[in-house]
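# Structure assessment
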Amino acid sequence: MVYCEQKEQLHLVAGSQANAQAWQSYYPVCETIYHRLGTQALPACSAIHDGGLVFVGRIDPSKGVEDAIEVAVMLGKSLDIYGAPLAAMMPYFAMQIQPLLQEHANIRYHGLVSQEVLQKRLLHAQALLFPIKWHEPFGYVTLEAMSLGTPVIMYDRGAARELIVEDTNGFIGNSGRAYGATEPPALRGSYA
């Protein structure tokens with residue numbers, strides 16, 4: 001959200017329609033300007049994936065990492081988790097996430113890594129799982145994944161419908177167990 005003052009009038013610019021809608025009841029949003037991603041430095045897209053799934057984000061209950069783990073386990077797929085908890089979320093990580101990591105050999109936690117390492121993993125993943133549990137106003141990592149040719153599977157929250165064109169660059173699922181109960185097209189073999 002960008003704030004611009006001009007002659008004592010505040011002009012709000014949102015990064016998505018979902019973001020604008022969230023602010024509309026507090027103050028009118030004058031324009032939506034979507035985030036951009038410089039793709040010049042990204043590696044070329046790969047038509048070959050390794051069948052694994054990826055989760056990227058802060059390790060926090062609102063980001064849905066435990067749902068991503070549940071989906072990967074349900075589908076019998078590997079899941080690479082990238083991100084770290086803030087200090088206040090360390091008990092959540094220790095009590096909720098670490099036991100799941102110890103229980104499931106196909107789930108790997110990598111913590112924070114360089115952009116190069118993350119992009120290389122996204123490039124070869126079958127899909128990015130983005131099971132956000134709040135109304136995410138945008139989700140920058142979804143742009144990164146799609147720019148590398150990796151489909152995104154996310155809940156129908158926040159800017160999901162602005163980011164995802166179903167069966168083209170991803171899949172929008174229901175929240176909860178139904179998210180992984182059926183295999184979306186992104187998980188049925190090649191997704192070219």
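First, a word on scope: everything that follows refers to the structure included in this document. (Residues numbered from 1 in each chain as written. Predicted model: local features only at pLDDT ≥ 70, side-chain atom pairs only at ≥ 80, totals over all residues. Heavy atoms only, no water.)

## Quick notes on the side chain of T150
- Among the secondary structure elements, T150 is positioned in the loop between α5 (140-147) and β8 (152-155).
- Given the relative accessible area of 1%, T150 is considered buried.
- A distance of 2.3 Å separates a polar side-chain atom of T150 from the backbone oxygen of L122.
- When residues no more than four places from it in sequence are discounted, the contact partners of T150 are L122, L123, A125, Q126, A127, L128 and A145. (Helix = DSSP H or I, 4+ residues; strand = E, 2+ residues; numbered from the N terminus. Buried < 20%, exposed > 50% of the residue type's maximum accessible area, 1.4 Å probe, protein only. Polar contact = N/O pair within 3.5 Å; in protein donor to acceptor, adjacent residues only side chain to side chain. Contact = heavy atoms within 4.5 Å.)

## Description of the sheet that holds strand β4 (residues 53-56)
- Ordered in space as β6-β5-β4-β7-β8-β9, the 6 strands form an open sheet in which the pairing is parallel. Looking at strand neighbours, the two that pair on one side only are β6 (107-111) and β9 (170-173), the edges of this open sheet. Here the strands of the sheet are splayed against their neighbours by 20° on average, with no regard to which way each runs.
- Here strand β7 (residues 127-130) pairs with β8 via 3 bridges, running parallel. Bridge pairing links L129 to I153 in β8.
- In this fold helix α2 (residues 65-75) packs onto β4, β5 (79-82), β6, β7 and β8, with an angle of close to 165° to the strand it touches most, β5. (Pairing = 2+ DSSP bridges. Axes fitted to C-alpha atoms, helices over the stretch in contact; angles between N-to-C directions.)

## What about the environment of I97?
- Note that I97 resides in helix α3 (residues 90-103).
- Between the C-alpha atoms of I97 and Y109, which are 12 residues apart in sequence, the distance is 9.6 Å.
- When near neighbours in sequence (up to four residues on either side) are disregarded, I97 contacts I59, V65, E66, I69 and Y92.

## Observations concerning the pairing of strand β3 (residues 29-32)
- Looking at chain direction, strand β2 (residues 9-14) and β3 are connected through 3 bridges and run parallel. Opposite V13, over in β3, you have E31 as the bridge partner.

## Describing the pattern of salt bridges
- By the definition in use, this model includes 8 salt bridges.
- The salt bridge partner of D60 is R58, with a shortest N-O separation of 3.6 Å.
- The buried category is assigned to D60, whose relative accessible area is 12%.
- On the accessibility criterion, R58 (32% relative accessible area) is partly exposed.
- Here D80 and R108 are joined by a salt bridge, their closest N and O atoms 2.8 Å apart. Taken as a pair, D80 in strand β5 and R108 in strand β6 lie far apart in primary sequence, 28 residues in all. (Salt bridge = Lys/Arg side-chain N within 4 Å of Asp/Glu carboxyl O.)

## Focus on unusual backbone geometry
- One non-glycine residue with positive phi stands out, namely D167, at about 65°.
- In this fold, D167 is placed in the loop between α6 (160-163) and β9.
- Looking at D167, the relative accessible area reads 51%, which means it is exposed.

## Digging into the nonpolar core
- Ranked by internal contacts, the top residues of the largest apolar core, which has 25 residues, are V54, V56, L122, L128, V152 and I164.
- Those elements that place two or more of their residues in this core are β4, α4 (115-124), β7, α5, β8 and α6.
- Considering every element that reaches this core, the biggest residue donor is α5, with 4 residues.
- Other than its neighbours up to four places away in sequence, V152 contacts L128, F130, T142, A145, M146, I164, N169, G170 and F171.
- F55, A68, F93 and F171 belong to the second-largest nonpolar core, a separate cluster that totals 19 residues. (Core = buried A, V, L, I, M, F, W, Y, C linked by side-chain atoms within 4.5 Å.)

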